[in-house]
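# Coordinate inspection notes
In case you want the letters, here they are:
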Amino acid sequence: MTLRDLSWRNARRQARDYLVYFVTIVIATALMYAFNGLVFSREIAELSAKLSSLPLVIVLASVAVVLILGWLVAYITRFMLTRRSRELGTYLLIGLEHRQVARLFFLENLAVGAVALVLGVVLGNLMFQILRAIMLALFGVEYRLSFAFSLEAVGMTLLYVLLVYLLALGRSRRRIRRMQIHDFMELDRQNENVVIRTSRRRRRVFVLSLLLGAVGTVLLLAGGGLLFGLVGAGCIIAFLYGFFLSFASGVPAFFEKHPGRKYRGQTLVIFRTLTAKLATMGVVMATISLLFTATLLSEGSGMVFSALFQNRMEKVSAFDLYIGTKDRAHLAAYQAYLDRAVPVTSARQYSIYQGENAQVTTYCLEKADYHQYYDEDTLLGLSDYNALRAMKGWPAVTLAPGTCLFHCRDYLAQALTDYHQPIPVAGQRLTPAEVQTGELNQDLWDANGHGFVIVVPDQLAAARPVSHSVLAAMTEQPVTAEQFAALCTIRDGYEEAGKDYDTLYSRADQREEFAALSAMTVFPLYYLALVLAMTAATILTVQQLSETDRYRRQFELLRKLGMDGTEMGRALRRQFALYYAMPVLPAGIIGVAFVRNLGGAVEPGTLTGLYSPGIITAAALGLFFLLYGIYILMAYTSLKRTVLPEP
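To keep things clear, this report deals only with the structure shown in the data block. (Residues numbered from 1 in each chain as written. Predicted model: local features only at pLDDT ≥ 70, side-chain atom pairs only at ≥ 80, totals over all residues. Heavy atoms only, no water.)

## Details of the overall build of the protein
How we decide: Helix and strand definitions follow DSSP, with helices as H or I runs of at least four residues and strands as E runs of at least two, each counted in order from the N terminus. Relative accessible area decides the class of each residue, using a 1.4 Å probe on protein chains only: under 20% of the type maximum gives buried, over 50% gives exposed, and in between gives partly exposed. Here, residues are in contact when the closest pair of their heavy atoms is within 4.5 Å.
Each helix and strand in the protein was counted, giving 24 helices and nine strands. Burial status across the protein gives 51% buried among its 647 residues. Counting contacts in the protein only where the partners sit at least 6 residues apart, residues at least 24 apart contribute 84% of the total.

Structure below.
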């Protein structure tokens, strides 16, 4: 048998014994190919000029993925070297040279990478079709199935995979060449280097780490700004490494003080197995917890940004075209262009007026999460309001004498429903009669009020000073990029002349911007989150499945000592639950605090309803545990089948 044959045989065995790792590499390679396909797709590039930065963003994300996968491959390679050290030492004993053993180990891992590359490219083409369909849907373009391999994407993916494996395997190859036979024979007996050497110091670190974890959790959940967040995150990170490095000493110390709990149920078996495991992988477990934290931060940020972009698009896209200006004379130039170049189905020029005071604004600041934009409350005449409602397809409303109404965004509806104070307008006092909701461009500057507008009789509104003027229009077809650019040219001309800057929104342009921002921000964040989660879960699962023989001997002994199958199954499930929960709990605390604080940092009223921080946080956790649960289920099913003795 030649070295090449032996390498191929070992590669097949490696793919079988480390199936979870192999599948993870295949999926990660598929993701790299799919995103590289976006980079080199002419169809995607032609969707919008706003996607010009997409290739750079994806390449940067892919570089981060290469580093993450490089660490995964390096770790698993080092792990396999340790597990197979006696086999490799035997090769030296039968006459192979160090360079031949190093080449053998290098080639078999490279063969696994090559197979993963081929399968990844095939699977990646399917993933690219999914990404392509999502991209086209975002831009409102019809999707048509068309399979075609991109040679540029294949070449870039090949480069990434080579970088991952060459960087990861080079160190193992050099290490094999330096090791002696006795080093190989003893390597699998070596544990992780002891960072905290004395038992007493480890116990102190264990207690201190728990205190730091509690302080960090309180700071993160309490919010309080960037400084508190950074200090809280630092405490959590210190807790992670301190806790996992000292866990093997901290738990025995706890049971020494509480001996009655030591022999309760399966406690002794569970914690003895867990402490033995963590004694050999404390630093790795802490690092995995950090990877899970990064996963939740990346995934949660992607969801927050997606909701933010979606919400902003909806808030400023109530009309096909919306132009706000401080100088009503500007509207004539815009109207002239619309009459000449844009088929309009309905349009309205009107003014937003200043109220007598800011009493409703002050009320909203007290009763709701609200941000003030205008110095006075804003007013809108009833006829203009009904014209806007007609453009939206809503029925007209009427006002009884001496009354007014509020039109507001949903998050202010309840507060304004409870508002009953008379509102002075042009010498009269109007009683709020009702509250209407619905998107009416009530956000940012030169809008139909910020969050709310008070609808009053026309003659009273006209008696007040004008805040700004508006041209709102509905068009037969979406405003094209060329038409919107022409309108922007008119706006820029006023700005260059020293006039006030006009507000200009097109529904089509906002949808295009939402699609482009999602592609360049949300997609890469999900990309990173998926690779981070798979990397951490793979290391945990490989570590757990590597102990199959030891678990089998342990449970066989417990059976002989009288433990029945039900108790052994319960003990195995609890071991699994603790093992997989320990790195996730700190990550969950940081992730939940970060996502909620990030969602709460945006302008009030931006993330509400389905976009609220609570729902986003729950969705992020749900997606994370869905993926994590797949790895747990695979590991538990495999271990239960091979470990628990037959009844």
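Additional details are given in the paragraphs that follow.
## Some details on the nonpolar core
Where we set the bar: Put simply, a nonpolar core is a bunch of buried Ala, Val, Leu, Ile, Met, Phe, Trp, Tyr and Cys residues held in one set by side-chain atoms that sit within 4.5 Å of each other.
Residues Tyr21, Leu51, Met135, Tyr165 and Phe292 are the most contacted members of the largest nonpolar core, which totals 95 residues. Top element by residues in this core is helix H20 (residues 507-545). It accounts for 16 residues. Apart from the residues lying within four places of it in its own chain, the contact partners of Phe292 are Ala533, Ala536, Ala537, Leu540, Pro583, Val584, Ala587, Phe624 and Tyr628. One finds Val316, Val455, Ala472 and Tyr505 within the second-largest nonpolar core, a separate group that totals 25 residues.

## Describing H20
Stated formally: Residue count minus one, scaled by 1.5 Å, sets the expected span of a helix. Fitting one axis to the seven residues ending at a residue and another to the seven starting there, the bend at that residue is the angle between the two axes.
Its 39 residues place the ends of H20 54 Å apart at the C-alpha level, agreeing with the 57 Å of an ideal helix rising 1.5 Å per residue. The largest bend in H20 is about 35°, located at Ser518. Burial analysis of H20 places 30 of its 39 residues in the buried class, which makes it a mostly covered element.

## Thoughts on unusual backbone geometry
Trans is the prevailing form of peptide bonds, just as negative phi is the prevailing case for residues other than glycine. One non-glycine residue, Ala426, adopts positive backbone phi at about 50°. Considering the arrangement of structural elements, one finds Ala426 in the loop between strand E5 (423-425) and strand E6 (428-437). For Asn441, which is not glycine, the phi dihedral falls at a positive 55°. By the secondary structure assignment, Asn441 is in the loop between E6 and strand E7 (452-456). Residue classification places Asn441 among the buried positions, given a relative accessible area of 2%.

## What to know about a nonpolar patch on the surface
As a reminder of what qualifies: Each patch is built from residues lacking any salt bridge and having more than 30% relative accessible area; the joining distance is 9 Å for like charges and 5 Å for nonpolar side chains (Val, Leu, Ile, Met, Phe, Trp, Tyr). Residue exposure ignores everything except the shown protein chains as possible cover, and the areas themselves are Shrake-Rupley values with a 1.4 Å probe. Definition used for salt bridges: Asp or Glu carboxyl oxygen within 4 Å of a side-chain nitrogen of Lys or Arg.
A cluster of nonpolar side chains, Val118, Val122 and Phe149, forms an exposed patch at the surface whose accessible area comes to about 290 Å². We classify Val122 as partly exposed; its relative accessible area is 47%.

## Digging into the pairing of strand E4 (residues 403-408)
The condition that has to hold: The rule for pairing is simple: two strands pair if DSSP sees at least two bridges between them.
Most of E4 is tucked away: six of the six residues are buried. Side-chain alternation along E4 places Thr403, Leu405 and His407 on one buried face and Cys404, Phe406 and Cys408 on a second face that is also buried. In this structure, E4 lies alongside E6, joined through six bridges in parallel fashion. By the bridge assignment for E6, Phe406 is matched with Val435.

## Quick word on the pairing of strand E3 (residues 378-381)
By the alternation rule, side chains of E3 split into Thr378 and Leu380 and Leu379 and Gly381, which are all buried. Examined bridge by bridge, strand E2 (residues 344-354) and E3 share two bridges and lie antiparallel to one another. When the sheet's bridge partners are listed, Tyr353 is paired in E3 with Leu379.

## Here we look at a positive patch on the surface
Put simply, the test is: For the charge count, each Lys or Arg is scored as positive and each Asp or Glu as negative, with His and the chain ends excluded. A charge is said to be at NZ when it belongs to Lys, at CZ for Arg, at CG for Asp and at CD for Glu.
Taken together, the side chains of Arg78, Arg171, Arg174 and Arg178 define a basic patch exposed on the protein surface. With respect to the helices and strands, the residue Arg78 is situated in helix H4 (residues 54-83).

## A look at the pattern of salt bridges
Taken as a whole, this structure holds eight salt bridges when the rule is applied. For Glu43, the salt bridge is made with Arg132, and the minimal N-O distance between the two is 2.6 Å. Taken together, the positions of Glu43 in helix H3 (residues 42-45) and Arg132 in helix H6 (residues 98-138) put the pair 89 residues apart, joining distant regions of the chain. Between Arg348 and Asp384 there is a salt bridge, with its nearest N and O atoms 2.7 Å apart.

## Remarks on the sheet that holds E6
Selection rule: Lines fitted to C-alpha atoms define the axes, with helix axes restricted to the stretch in contact, and inter-axis angles between N-to-C directions lie between 0 and 180 degrees.
In spatial order, the strands read E5-E6-E4-E7-E3-E2-E8-E1-E9; together these nine strands make up an open sheet with mixed pairing. Since the sheet does not close on itself, it has two edges, and those belong to E5 and strand E9 (503-506), each with one partner. Across this sheet, the average inter-strand angle for adjacent strands is 30°, counted without regard to direction. The pairing of E5 with E6 spans three bridges and is classified as antiparallel. The residue bridging Pro424 from the neighbouring strand is Arg429, located in E6.

## What to know about the packing of aromatic side chains
This is how the line gets drawn: When two rings of Phe, Tyr or Trp (its six-membered ring) have centres within 6.5 Å they constitute a pair, described as stacked for plane angles under 30 degrees, edge-to-face for angles over 60, and tilted for the intermediate range. For a ring to carry a charge above it, either NZ of a lysine or CZ of an arginine must fall within 6 Å of the ring centroid while also lying within 35 degrees of the normal to the ring plane.
Counted under the stated rule, the structure contains 17 aromatic pairs. For the ring pair Phe319 and Tyr322, a centre distance of 6.4 Å and an interplane angle of 20° mean the geometry is stacked. Across the pair, Tyr322 and Phe319 agree in class, each one buried. Taken together, Phe292, Tyr579, Tyr580, Phe624, Phe625 and Tyr628 form an aromatic cluster joined through their ring pairs. We note Lys392 situated over the ring of Phe319; from NZ or CZ to the ring centre the distance is 5.9 Å.

## Comments concerning the environment of Arg328
Within the secondary structure layout, Arg328 lies in the loop between strand E1 (321-325) and helix H14 (331-341). Exposure remark for Arg328: the relative accessible area of 38% places this residue in the partly exposed category. Considered as a pair, Arg328 and Tyr350 are 22 residues apart in the sequence and their alpha carbons are 8.8 Å apart.

## Topic: the packing of H4 against helix H7 (residues 151-178)
Operational definition: Orientation labels follow simple angle bins: below 35 degrees gives roughly parallel, above 145 gives roughly antiparallel, 65 to 115 gives roughly perpendicular, and whatever is left gives oblique. The handedness criterion is simple: a crossing whose near helix is rotated anticlockwise from the far helix by less than a right angle is left-handed, and one whose near helix is rotated clockwise is right-handed. Each residue is assigned to one class: nonpolar for Ala, Val, Leu, Ile, Met, Phe, Trp, Tyr, Cys and Pro, charged for Asp, Glu, Lys and Arg, and polar for all the others, Gly among them.
Where H4 contacts H7, the axes come no closer than 8 Å and their chain directions differ by 30°. Considered as vectors, H4 and H7 are oriented roughly parallel to each other. Relative to H7, H4 is oriented so that their crossing is right-handed. Residues Val59, Ser62, Val66, Leu69, Gly70, Val73, Ala74, Thr77, Arg78 and Leu81 of H4 touch H7, and the partners they reach there are Tyr160, Leu163, Val164, Tyr165, Ala168, Leu169, Ser172, Arg175 and Ile176. Looking at the contact of H4 with H7 residue by residue, the classes come out as 13 nonpolar, four polar and two charged.

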